[in-house]
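# Architecture and fold: a report
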Amino acid sequence: MDKNMLGDLDNLPEEDKMKMAAMIDQLQIRDSLRMYNSLVERCFTDCVDSFRRKTLDKQEETCVRRCAEKFLKHSMRVGLRFSELNQGAPTPD
């Protein structure tokens, strides 16, 4: 976890800092799982038309690959944009 995330919590007792760090880690894991589940659901719904066989056919495989790439590129771009906006935000003093 990023130490800067807890920068404003320096006045807390060490035990509370550890609890906050654990809570932030859990939230990050939950958000990662949500993003993964959203990716799987979206690409499966868009790309898989039938259950003719165990494996994906060439067209479905290509669609899933493109869908996943688009989703991940979009997520990275949103994260970068959020970071850019967050850096320009005024800090409370």
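Quick look at the structure, then.

## A few points about the state of the cysteines
- Counted by the stated rule, this structure contains 2 disulfides.
- At a sulfur-sulfur separation of 2.1 Å, the disulfide partner of Cys-43 is Cys-67. Given an S-S torsion of about -90°, the disulfide between Cys-43 and Cys-67 has left-handed geometry. In this pair, Cys-43 is assigned in helix α1 (residues 14-47) and Cys-67 in helix α2 (residues 58-88), connecting sequence segments 24 residues apart.
- In this model Cys-47 forms its disulfide with Cys-63; the gap between the sulfur atoms is 2.1 Å. Negative torsions about the S-S bond denote left-handed disulfides, and the value of about -70° found for Cys-47 with Cys-63 makes this one left-handed. Note that Cys-47 is positioned in helix α1 and Cys-63 in helix α2, a separation of 16 residues in sequence.
- For Cys-47, a relative accessible area of 4% translates into the label buried.
- Disulfide connectivity for the protein, with bonded cysteines indexed by sequence position, reads 1-4, 2-3.

## Examining the packing of α1 against α2
- Where α1 contacts α2, the axes come no closer than 9 Å and their chain directions differ by 145°. Note on packing geometry: the crossing formed by α1 with α2 is right-handed. Contact with α1, carried on its side by Met-35, Ser-38, Leu-39, Arg-42, Cys-43, Asp-46 and Cys-47, involves Glu-60, Cys-63, Val-64, Cys-67, Ala-68, Phe-71, Leu-72 and Ser-75 of α2 and no other residues of that element.
- Class assignment for the residues of the contact of α1 with α2 results in 10 nonpolar, 2 polar and 3 charged.

## Let's talk about α1
- Compared with the 50 Å implied by 1.5 Å per residue over 34 residues, the 49 Å span of α1 between its first and last C-alpha is a close match.
- Residues Lys-17, Ala-21, Ile-24, Leu-39, Cys-43 and Cys-47 constitute the buried set of α1.

## Notes on the nonpolar core
- Core analysis: the biggest nonpolar cluster contains 5 residues, these being Leu-39, Cys-43, Cys-47, Cys-67 and Phe-71.
- At the level of elements, α1 and α2 are the ones that each hand at least two residues to this core.
- Here the element with the most residues in this core is α1; it accounts for 3 residues.

So, how was this worked out
- Residues numbered from 1 in each chain as written.
- Predicted model: local features only at pLDDT ≥ 70, side-chain atom pairs only at ≥ 80, totals over all residues.
- Heavy atoms only, no water.
- Disulfide = S-S within 2.5 Å.
- Helix = DSSP H or I, 4+ residues; strand = E, 2+ residues; numbered from the N terminus.
- Buried < 20%, exposed > 50% of the residue type's maximum accessible area, 1.4 Å probe, protein only.
- Axes fitted to C-alpha atoms, helices over the stretch in contact; angles between N-to-C directions.
- Left-handed = near helix turned anticlockwise from the far one by under 90°.
- Contact = heavy atoms within 4.5 Å.
- Nonpolar A, V, L, I, M, F, W, Y, C, P; charged D, E, K, R; others polar.
- Expected span 1.5 Å × (residues − 1).
- Core = buried A, V, L, I, M, F, W, Y, C linked by side-chain atoms within 4.5 Å.

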